[in-house]
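Analysis of the macromolecular model
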Amino acid sequence: MLWLGFMDKKKQEELSGKRTMLADVVPLDVPMAIQIGVTNACNLQCEFCEHSSDKFKKVKKENLDCRLVEKFVYNIKENGKKINQILLSGIGEPLVNRQIVDMVKIISESKITDRIGIISNGTLLDRHLSDSLIDAGLNVLRISLNGLSREDYRKYTGVAIEFERFYENLNYFFQKACETRKEENRDIKVYIKIMDYMLEDTKDKKNIFMEKFAPICDILNIEHLNIASPDIDYNKFGNRDYERSRRGTDHEKGEICPRVFYEGIISHEGQVLACCHDFWFSPNQLVMGDLRKENFLDIWNGKKFQELRLRILKGDLQGTICENCTEYKGLMSKEDNIDSRREELICYYNK
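Residues numbered from 1 in each chain as written. Predicted model: local features only at pLDDT ≥ 70, side-chain atom pairs only at ≥ 80, totals over all residues. Heavy atoms only, no water.

For the rest of this paragraph, the subject is the overall build of the protein chain. Within the protein chain, the secondary structure is distributed over twelve helices and nine strands. Relative to a compact globule of 351 residues, whose C-alpha radius of gyration would be 20 Å, the protein chain shows 20 Å and is just as compact. The C-alpha extent of the protein chain, read off along each of the three principal axes, is 60 × 45 × 40 Å. Expressed as a percentage of the 351 residues in the protein chain, the buried residues total 57%. Within the protein chain, residue pairs in contact and separated by at least 24 positions form 73% of the contacts whose partners lie at least 6 positions apart. Just so you have it, the protein chain exposes about 16400 Å², and 45% of that area is on carbon and sulfur atoms. On the protein chain, the mean spot of the 54 positive side-chain charges and the mean spot of the 57 negative ones are 1 Å from each other. (Helix = DSSP H or I, 4+ residues; strand = E, 2+ residues; numbered from the N terminus. Rg over C-alpha atoms; globule rule 2.2 N^0.38 Å. Buried < 20%, exposed > 50% of the residue type's maximum accessible area, 1.4 Å probe, protein only. Contact = heavy atoms within 4.5 Å. Areas by Shrake-Rupley, 256 points an atom, 1.4 Å probe, with all protein chains shown as cover. Lys, Arg positive; Asp, Glu negative; His and termini not counted. Charge placed at Lys NZ, Arg CZ, Asp CG, Glu CD.)

Here we take up the side chain of glutamate 93. For glutamate 93, the position within the fold is in the loop between strand E2 (85-89) and helix H4 (100-110). This buried residue, glutamate 93, is left without a salt bridge; lysine 193 holds the nearest opposite charge, at 11 Å. At a separation of 3.0 Å, a polar atom in the side chain of glutamate 93 contacts the main-chain amide nitrogen of leucine 95. A polar atom in the side chain of glutamate 93 sits 2.7 Å from the backbone nitrogen of asparagine 121. Sequence-distant contacts of glutamate 93, that is, excluding residues within four places in its chain, are made with Thr39, Ala41, Cys42, Asn43, Ser120, Asn121, Gly122 and Leu124. (Salt bridge = Lys/Arg side-chain N within 4 Å of Asp/Glu carboxyl O. Polar contact = N/O pair within 3.5 Å; in protein donor to acceptor, adjacent residues only side chain to side chain.)

Burial within strand E6 (residues 219-223) is extensive, with five of its five residues counted as buried. By the alternation rule, side chains of E6 split into Ile219, Asn221 and Glu223 and Leu220 and Ile222, which are all buried. As paired elements, strand E5 (residues 189-195) and E6 share five bridges and run parallel to each other. Opposite isoleucine 192, over in E6, you have leucine 220 as the bridge partner. For the segment spanning E5, helix H8 (residues 205-213) and E6, crossover handedness is right-handed. (Pairing = 2+ DSSP bridges. Right-handed = clockwise from strand over helix to strand, strands pointing away.)

All told, the structure shown has eleven aromatic pairs when counted by the stated rule. Aromatic side chains tyrosine 153 and phenylalanine 163 sit 6.0 Å apart centroid to centroid with 55° between the ring planes, which places their arrangement in the tilted category. Remark: phenylalanine 163 occurs in helix H7 (residues 163-184) and tyrosine 153 occurs in helix H6 (residues 150-157); sequence separation between them is ten residues. Like tyrosine 153, the residue phenylalanine 163 is buried in the burial classification. (Phe/Tyr/Trp six-rings, centres within 6.5 Å; stacked < 30°, edge-to-face > 60°.)

In the structure shown here, the tally under the stated rule is 19 salt bridges. For lysine 60, the salt bridge goes to glutamate 62, with nearest N and O atoms at 4.0 Å. The residue arginine 341 makes a salt bridge to glutamate 344 at a minimum N-O spacing of 2.8 Å. Its relative accessible area of 48% is what places glutamate 344 among the partly exposed residues.

With that out of the way, let us pick up the layout of surface pockets. Quantified by volume, the largest pocket comes out at close to 400 Å³. Surrounding the largest pocket, 21 residues form its lining, Ile321, Cys322, Asn324, Cys325 and Tyr328 being those nearest its centre. (1 Å grid on protein atoms, 1.4 Å probe; cavity = no way out; pocket = protein on both sides within 12 Å on 5 of 7 lines; lining within 4 Å. Points joined across faces, edges and corners; volume = space filled by probe spheres on them.)

A few words now on the nonpolar core. Counting residues in each nonpolar core, the largest one holds 105 residues, and the members touching the most others are Ile36, Phe48, Phe72, Ile192, Phe213, Phe261 and Phe296. No other element matches H7, which puts seven residues into this core. (Core = buried A, V, L, I, M, F, W, Y, C linked by side-chain atoms within 4.5 Å.)

Two elements in contact, helix H11 (residues 303-314) and helix H12 (residues 342-349), have axes whose closest approach is 9 Å; the angle formed by their N-to-C orientations is 150°. One element, H11, and the other, H12, form an angle in the roughly antiparallel class. Crossing angle aside, the handedness with which H11 passes H12 is left-handed. Of the residues in H12, those in contact with Gln306, Arg309, Leu310, Ile312, Leu313 and Lys314 of H11 are Arg342, Leu345, Ile346 and Tyr349. Of the residues that constitute the contact of H11 with H12, the class distribution is six nonpolar, one polar and three charged. (Axes fitted to C-alpha atoms, helices over the stretch in contact; angles between N-to-C directions. Parallel < 35°, antiparallel > 145°, perpendicular 65-115°, else oblique. Left-handed = near helix turned anticlockwise from the far one by under 90°. Nonpolar A, V, L, I, M, F, W, Y, C, P; charged D, E, K, R; others polar.)

Interpretation in functional terms is not warranted from these geometric data alone.
Following this line, the structure appears as C-alpha cells:
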C-alpha cells in the first residue's frame, strides 16, 4: 500500500499497465491509450477545477452518445491491434452519464483492451451501480477524494455530501471487486487519491486518511496539486511548488510534449482532440477530426494530427494553446521522453 505521495514503478504498472519506452515505438498507427470524455457535467465544484469557475458554469452540459463508443470500438477492431488502456473520464463526472455501464460493456466485450478504467469522484456510486460496472467488465476505478468529512466537502467542493454513506458505497465496491477478483480471476483495482493540500490544515489528517481508506482500496496515494485549469487562480492555494509532478517528484527534463504521440482523446461531443487540456476550452482549440463523421484511426493518422506533431517536434507552436504550456511536464514520466528521436521524427513527419 502506497500513501506518501510518491507512486513507485510497480504501483504505477498495477494501475495503468506496464510502461513502454515511447522513443522505442513511435510513430504509432494505433494509440497506446485512449481517454474518452463521457460528459462535461459534474455534480461537484472542486475549487481547483474548472467547474468552479464562472466561465465554465455557463458552458452547456452534454453527455457522449454511447453509439460513438460503439463506432470507435469498431474502428479499432478493424485494425486488429490492442490498446493498453482506455479511460472513461474527461472533464466531468463519468457516472453522470447514464450510459456509462453500457460503454464499459461495449469496450469489454470488444477485447480491444485489457484495461478499462473510470476516473470518478465516487459520490454517485451505489450498490447497484457498483455491481453493474464490475459485471460489465470494469478493471480500474480511480477515486478522486475531496476531503475526509462532510465539512471538508462543503469547503473544497461546495457540496456537503453524506460522507459516511459515500464511504460505505466505496467500501461495497471494493469488497465486490475483491470477491470478483477471487471468483473470476479478474484483475480489478481500486485506486483512491487525494490532493496534498487537503491534508495540510491539521497534522493528523494524513494518519486519518491512511487509517480510514487503506482498508478499502488496492492503492492509496497523496497527489501533489498541479495547475490544471486556465481559469483558476492557483495562488490562492498558497506558495506551492508547481515544478513538481503530480507524483511529487521533479519534472522530467523532456522538451517535447509526448501526449500527442501516444494518447487519443475523444470529447463528450465526439470530437477527436490532440490534448486532454483542450477539454476546458469552449470551443475546443485542437480539434483533429470528428468521430461522428470520420474513422477514428483515419483521424489519428491524418494530415492535421501529423502536422501538429511536426510543429511540436520543431517547437513551432506560436498561436496554439501549446505555445506556453508546461502542464505536460507534471504528468510526464521518463518512459515518455522522446527528445532523442526528435530529428528522426521530424524527417518522418516531413514526408
